[in-house]
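Summary of structural features
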Amino acid sequence: MRVAVAADERVGIAEEIVEELRRRGHEPIPHGALSETERDDWAWASEAAARDVAQGRSEQAIVCCWTGTGASIAANKVPGVRAALCGDAQTAAGARRWNDANVLALSLRATSEAELGEILDAWFESRPSSDTDDRANVTHLSEIESAE
């Protein structure tokens, strides 16, 4: 699977994410500080990764900044993106299952390498729910986007 990865600096788990994705057989697409040619600020880096998802260049993305909050906000501005800030495996599993999240947002400061492994396990092992109410909620997100 192609996974866009964005970080605004090479600290904490930033480089470990790319390595871990490769170990799992995924193809990371680096953005921001992980790329030699792109602006590394969190808003620009996260937007680039989110646009990869929205435009079909990647199936999913992982966006990071110091807290993960700014990266999540920036990614969610891109139509068709459902970014979830996850600090633990249970939240990651729920975001995939109930919210059909396609972008994982992480904190470079608060996420340990051990937690990263658990979060990625939950993220990649979980599938979107087929429950009618869950699908209706995800569909309504698109309706909210287009209402503007």
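For the structure, see preceding data.
Computed from a predicted structure; not experimentally measured.

1. Comments concerning the overall build of the protein
- Within the protein, the regular secondary structure consists of 6 helices and 5 strands.
- In sequence order, the secondary structure elements of the protein are arranged as β-α-β-α-β-α-β-α-β-α-α.
- In summary, the protein has a C-alpha radius of gyration of 14 Å against a globular reference of 15 Å for 148 residues, a match within 12%.
- With the C-alpha coordinates aligned to their principal axes, the bounding extent of the protein is approximately 40 × 30 × 25 Å.
- For the protein, with 148 residues in total, the buried portion stands at 49%.
- Look at the contacts in the protein between residues 6 or more apart in sequence, and 66% of them connect residues 24 or more apart.
- Accessible surface, the protein as shown: approximately 7,500 Å² in total, 47% of it carbon and sulfur.
- Here the protein holds 15 positive side-chain charges and 27 negative ones, and the gap between their average locations is 3 Å.

2. Quick look at the pattern of salt bridges
- All chains considered together, the criterion is met by 13 salt bridges.
- Its salt-bridge partner being Asp41, residue Arg39 comes within 2.6 Å of it at the nearest N-O pair.
- Under the relative-accessibility criterion, Asp41 is labelled partly exposed at 33%.
- In the salt-bridge network here, residues are joined through shared partners; they are Glu16, Glu20, Arg23, Arg24 and Asp121.

3. What about the nonpolar core?
- Counting 27 residues, the largest nonpolar core has Ile17, Ile62, Leu104 and Leu106 as the members making the most contacts within it.
- Counting only elements with at least two residues in this core, the list comes to β1 (2-7), α1 (14-23), β3 (60-65), α4 (89-99), β5 (103-107) and α5 (113-125).
- Looking at this core, the element that brings in the most residues is α5, giving 6 residues.
- Not counting the four nearest positions on each side in its chain, Leu106 is found in contact with Ile13, Ile17, Ile62, Val63, Cys64, Cys65, Gly68, Leu85, Cys86, Thr111, Leu116 and Ile119.

4. Focus: the environment of Leu104
- Turning to its location among the elements, Leu104 is positioned in strand β5.
- Spatially, the C-alpha atoms of Leu104 and Asp41 are 18 Å apart, while their sequence positions differ by 63 residues.
- Not counting residues up to four positions away in its chain, the partners in contact with Leu104 are Ala61, Ile62, Val63, Ala84, Cys86, Ile119, Leu120 and Trp123.

5. Regarding the pairing of β1
- With respect to burial, β1 is a largely interior element, 5 of its 6 residues being buried.
- Of the strand pairs in this sheet, β1 and strand β2 (residues 27-32) are connected by 6 bridges, and their pairing is parallel. For Ala4, the partnering residue across the bridge sits in β2 and is Ile29.
- Between the parallel elements β1 and β2, the chain passes through α1 in a crossover that is right-handed.

6. A look at the sheet that holds β2
- Taken together, 5 strands build an open sheet; the order of strands is β2-β1-β3-β5-β4 and the sheet is parallel. The open sheet terminates on both sides in strands that have one partner only, identified here as β2 and β4 (83-85). Between one strand axis and the next, the sheet turns through 20 degrees on average, direction left out of account.
- Sheet contacts for helix α3 (residues 69-76): β3, β4 and β5; angle to β3, the most-contacted strand, approximately 140 degrees.

Analysis parameters
- Residues numbered from 1 in each chain as written.
- Predicted model: local features only at pLDDT ≥ 70, side-chain atom pairs only at ≥ 80, totals over all residues.
- Heavy atoms only, no water.
- Helix = DSSP H or I, 4+ residues; strand = E, 2+ residues; numbered from the N terminus.
- Rg over C-alpha atoms; globule rule 2.2 N^0.38 Å.
- Buried < 20%, exposed > 50% of the residue type's maximum accessible area, 1.4 Å probe, protein only.
- Contact = heavy atoms within 4.5 Å.
- Areas by Shrake-Rupley, 256 points an atom, 1.4 Å probe, with all protein chains shown as cover.
- Lys, Arg positive; Asp, Glu negative; His and termini not counted.
- Charge placed at Lys NZ, Arg CZ, Asp CG, Glu CD.
- Salt bridge = Lys/Arg side-chain N within 4 Å of Asp/Glu carboxyl O.
- Core = buried A, V, L, I, M, F, W, Y, C linked by side-chain atoms within 4.5 Å.
- Pairing = 2+ DSSP bridges.
- Right-handed = clockwise from strand over helix to strand, strands pointing away.
- Axes fitted to C-alpha atoms, helices over the stretch in contact; angles between N-to-C directions.

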